[in-house]
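Survey of secondary and tertiary structure
Each chain is listed here by its residues.
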Amino acid sequence: MSASPDPRHLPVLVDEVVDALAIAHGETVVDGTFGAGGYTRAMLSVGAGRVIGFDRDPDAIEEGASLVPDPKLMLVEERFSQMDRALDERGIGKVDAIALDIGVSSMQLDRADRGFSFSADGPLDMRMSQSGPTAAEFLNQADEAEIARVLREYGEEPRARTIARAIVAARPLERTGELAAIVRRAVGYRQGQKSDPATRTFQAIRIHLNAELDELEQGLEAAERSLKPGGRLAVVTFHSLEDRIVKRFLRERSGGNPAGSRHRPELADPIPPTFERVAKPVSPSERELAANPRARSARLRSAVRTAAPPRGRLQ
């Protein structure tokens, strides 16, 4: 099955996500990252009885009803890490399936005024919720060591200190084009190189401003609390930092301890697993990559909720 894609947003791995969710007719499903509604449309098309779409971006919520005009959709302006509380407050309780598409949405990337991308010049904003400090405020106020730390930790940028020094020397910064040019000059970018070095810097600042990795960890725990026994979880990530968090969470929650040895036998986990049937990661097909190059780094991981009580924080 394939949902008709919105021209502004091609949902990544949509068929594979729907397969992993195995939605039965009439079930209640959460789209934790609504965006332009690509996964929600697919969920409804296979018989979901109700979809609760979460998004922290007020633009996504405001436009959602026209993007997906279906009475079975309930839109909630909230972080997906708060889904269990929000579901309880609305009298919904536990659900049958949850999908999370981590990171920035195509709708945000394609709007220059949101400042997530350097493909078109715009203000240095990058705020998913449109509240709190902007990227410009962070870059103009943080010291060089802090900027370098963010670039190194969240962008895995090997020349973080060089780029941070160049940013501080060029302040104040206000536009995405300015920042991209500074990064390129700092690392000696040549036109025609395979990848633009500004990509890692933009990723790092966006992840930092929106606390995306903390949100992901807390969102996985909220999903664990929100799923019924037998409920299905599907998570799509777009870079290694996110994927490692999801992989570690599912390994820990499914009782997957590191293998023992004859000197140190594997210890049995005394806490019953909260997830089972953890599937092998799935990557986009060549056909999907040809239609949607942004999917190239995507990876889907999925699992099924057991009846065990939820655990505490991810270790």
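Read on for an overview of the structure. (Residues numbered from 1 in each chain as written. Predicted model: local features only at pLDDT ≥ 70, side-chain atom pairs only at ≥ 80, totals over all residues. Heavy atoms only, no water.)

Comments concerning the pairing of strand β7 (residues 299-305)
Among the seven residues of β7, six are classified as buried, and the element is accordingly described as predominantly covered. Where strand β5 (residues 227-237) lies against β7, six bridges are found, and the strand directions are antiparallel. Opposite Leu233, over in β7, you have Ala303 as the bridge partner. Sheet analysis places strand β6 (residues 275-276) next to β7, joined by two bridges and oriented antiparallel. Note on β7: the bridge partner recorded for Glu276 is Val304. (Buried < 20%, exposed > 50% of the residue type's maximum accessible area, 1.4 Å probe, protein only. Helix = DSSP H or I, 4+ residues; strand = E, 2+ residues; numbered from the N terminus. Pairing = 2+ DSSP bridges.)

Quick look at the pairing of strand β3 (residues 73-77)
Sheet analysis places strand β2 (residues 50-55) next to β3, joined by five bridges and oriented parallel. Residue pairing for β3: Ile52 is matched across the bridge by Met74. Note that the unit made of β2, helix α3 (residues 58-67) and β3 has a crossover that is right-handed. (Right-handed = clockwise from strand over helix to strand, strands pointing away.)

Details of the side chain of Thr28
With respect to the helices and strands, the residue Thr28 is situated in strand β1 (residues 28-31). If we ignore the near neighbours within four places in the chain, the residues touching Thr28 are Arg50, Ile52, Ile92, Val95, Asp96 and Ala97. (Contact = heavy atoms within 4.5 Å.)

So, unusual backbone geometry
The omega torsion across Arg171 and Pro172 is 5°, close enough to zero to call that bond cis. Position of Pro172 relative to the elements: it lies in the loop between α8 (160-170) and α9 (176-187). Phi is positive for Ala22, which is not a glycine, with a value near 45°. Positionally, Ala22 belongs in the loop between α1 (14-21) and β1. Residue Ala22 is classed as partly exposed on the basis of its relative accessible area, which comes to 47%. Phi at Gln130 takes a positive value of approximately 60°, unusual for a residue other than glycine.

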